[in-house]
Amino acid sequence: MVGAVLLSSALAGCGGGDDSSSGSGSDDKIVLGFSQVGAESGWRTANTKSIQDSAKAAGIELKFADAQGKQENQITAIRSFITQKVDVIAFSPVVTSGWDAVLKEAKDAGIPVILTDRSVDSQDTSLYVSFLGSDFVEEGKKAGQWLVDQYKGKTGTVNIVELQGTTGAAPAIDRQKGFADTIASDPNLKVVKSQTGDFTRAQGKTVMETFLQSTPKIDVLYAHNDDMGLGAIEAIEAAGKKPGTDIKIITVDAVKDGMTALSEGKINYIVECSPLLGPQLMDIVKQVKSGGTPEKRILTKETTFTQEQAKTELPNRQY
């Protein structure tokens, strides 16, 4: 009997918290606390659904918190997960900076943290066990390379306007960098206006309206996600111009609405950023809980789409 008691104590120690405090009702059920950025786009909605569905399929109890785009809400949620003694914490950081204190609290509590979709800029990488997500710099490079190829051998300045993602967010910083670094190879390609549209359709439309009013000649729009690009299309059409023809449009994500616009020729090129991270995340959670060490950086598999490719792929799109 003493041996059985010792064994159960050791198992509770490995799990980083016993079951009664986590509120899960069964000794072997993993409890995952997940803090989501918000519901700012079709991509994010699909990402949330993927995580919720995958947790259910994997038999993992999910404690879900929506930060509504605010870092302070996310920090509060993570602290709540620590108090509840969940087994693993995962979150998609609203911005890159300002996480060290709360991540150290999780580490001190013995709760492993997984970053999903977006990274943090913490110098101490021991504060999280793994980062699952896209290479945003590479996405920006793919967008830029398509543009460089389109204008190869042509003369004359090409005026580009850029709709950035949320200020300080990893995808906004990296997609801008990858794009800028790549188009630098052609001095004719010039970004004449660049402003945040906060990853939302409404802001994409509003900012594009101001671009159209202040810049007489716009040749290309590069939007950091489909939703901002779709909002911009509304503004372009309202101004009497033809999206995809009068103004070439490049976006990132490849959600269904974006792919539809691409298949119709309103968008010219989309760089994929898959939101379906749920299955991979649950695999990492199980690996961590069983004492395994996942890869520090796990990339999602992604591609790019032209109009013809979008027509073929669209019927299979899950999001």
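Residues numbered from 1 in each chain as written. Predicted model: local features only at pLDDT ≥ 70, side-chain atom pairs only at ≥ 80, totals over all residues. Heavy atoms only, no water.

S.K.: Sorry if this is basic, but what is going on with the overall build of the protein here?
M.R.: Secondary structure summary: the protein contains 12 helices and 12 strands in total. A globule of 319 residues ought to have a C-alpha radius of gyration of about 20 Å, and the protein, at 22 Å, matches this closely. Taking the principal axes of its C-alpha atoms as reference, the protein extends roughly 85 × 40 × 30 Å. Evaluated residue by residue, the protein yields a buried proportion of 51% over its 319 residues. Pairs at least 24 residues apart make up 74% of the contacts formed inside the protein by residues separated by at least 6 positions. Element-wise, carbon and sulfur atoms account for 51% of the exposed surface of the protein, whose accessible area totals about 14,000 Å². (Helix = DSSP H or I, 4+ residues; strand = E, 2+ residues; numbered from the N terminus. Rg over C-alpha atoms; globule rule 2.2 N^0.38 Å. Buried < 20%, exposed > 50% of the residue type's maximum accessible area, 1.4 Å probe, protein only. Contact = heavy atoms within 4.5 Å. Areas by Shrake-Rupley, 256 points an atom, 1.4 Å probe, with all protein chains shown as cover.)

S.K.: Sorry, what's going on with the packing of helix H4 (residues 71–83) against helix H5 (residues 100–108) here?
M.R.: Each packed pair of helices is defined by two parameters, the angle between the axes and the distance between the axes. Between H4 and H5, the shortest axis-to-axis distance is 10 Å and the interhelical angle comes to 10 degrees. Classified by the angle their axes make, H4 and H5 are roughly parallel. Facing H4, whose interface residues are Ile75, Ile78, Arg79 and Ile82, H5 presents Val102, Glu105 and Ala106. Per-class residue counts for the contact of H4 with H5 are five nonpolar, no polar and two charged. (Axes fitted to C-alpha atoms, helices over the stretch in contact; angles between N-to-C directions. Parallel < 35°, antiparallel > 145°, perpendicular 65-115°, else oblique. Nonpolar A, V, L, I, M, F, W, Y, C, P; charged D, E, K, R; others polar.)

S.K.: I would appreciate a short explanation of the sheet that holds strand E8 (residues 220–223) in the present structure.
M.R.: The strands that make up a sheet pair up through hydrogen bonds in the backbone, lying either parallel or antiparallel. In spatial order, the strands read E7-E6-E8-E9-E10-E12; together these six strands make up an open sheet with mixed pairing. With one partner strand each, in any of the chains shown, strand E7 (189–196) and strand E12 (304–305) form the two edges of the open sheet. Examined bridge by bridge, strand E6 (residues 158–164) and E7 share seven bridges and lie parallel to one another. Counterpart to Val161 in the pairing with E7 is Lys193. Sitting on the sheet, helix H9 (residues 226–238) is in contact with E6, E8, strand E9 (248–253) and strand E10 (269–272), with an inclination near 155 degrees to E9. Where helix H10 (residues 256–263) meets the sheet, it contacts E10 and E12, and its direction lies at approximately 150 degrees from that of E10. (Pairing = 2+ DSSP bridges.)

S.K.: Quick question: what am I supposed to make of the pairing of strand E4 (residues 113–116) here?
M.R.: In regular strands, side chains alternate between the two faces of the sheet. The alternating pattern of E4 places Val113 and Leu115 on one face and Ile114 and Thr116 on the opposite face, and all of these are buried. Bridging between strand E3 (residues 88–91) and E4 involves three bridges; their strand directions are parallel. Note on E4: the bridge partner recorded for Ala90 is Ile114. Handedness of the β-α-β unit built from E3, H5 and E4 comes out right-handed. (Right-handed = clockwise from strand over helix to strand, strands pointing away.)

S.K.: Explain the nonpolar core here, please?
M.R.: Counting 28 residues, the largest nonpolar core has Leu163, Met208, Leu221, Ile247 and Met259 as the members making the most contacts within it. If near-sequence neighbours (up to four positions away) are discounted, Ile247 is found in contact with Met208, Leu212, Ile218, Asp219, Val220, Leu221, Ile236, Lys241, Lys242 and Asn268. If you look at the next biggest cluster of nonpolar residues, it comprises 23 residues, including Phe136, Phe179, Tyr222 and Ile250. (Core = buried A, V, L, I, M, F, W, Y, C linked by side-chain atoms within 4.5 Å.)

S.K.: So what exactly am I meant to see when it comes to helix H11 (residues 278–289) here?
M.R.: Since the α-helix packs 3.6 residues into each turn, any two residues three or four apart lie on the same face. If you check H11, its first and last C-alpha atoms are 16 Å apart, about what 12 residues at 1.5 Å a residue would give, namely 16 Å. Where H11 is concerned, the buried positions are Gly278, Leu281, Met282, Ile284, Val285 and Val288. The buried residues of H11 all sit within an arc of 160 degrees when viewed along its axis, so they share a single face. Where H11 is buried, its residues meet strand E1 (31–36), helix H3 (42–58), E3, E4, strand E5 (130–133) and strand E11 (297–299). (Expected span 1.5 Å × (residues − 1). Arc of directions from axis to C-beta.)

S.K.: Which parts of the structure should I look at to understand the pattern of salt bridges?
M.R.: Pairing between side chains becomes possible if they bear opposite charge and their charged atoms approach one another. Counted by the stated rule, this structure contains 18 salt bridges. Between Arg44 and Glu40 there is a salt bridge, and its shortest N-O distance comes to 3.1 Å. For Arg44, a relative accessible area of 2% translates into the label buried. Between Lys49 and Asp53 there is a salt bridge whose closest N-O contact spans 2.7 Å. Placement of both Lys49 and Asp53 in helix H3 is noted, with a separation of four residues, approximately one turn of the helix. By relative accessible area, Lys49 is classed as exposed at 51%. Taken together, the salt bridges that share partners define one network made up of Glu40, Arg44, Asp117 and Arg118. (Salt bridge = Lys/Arg side-chain N within 4 Å of Asp/Glu carboxyl O.)

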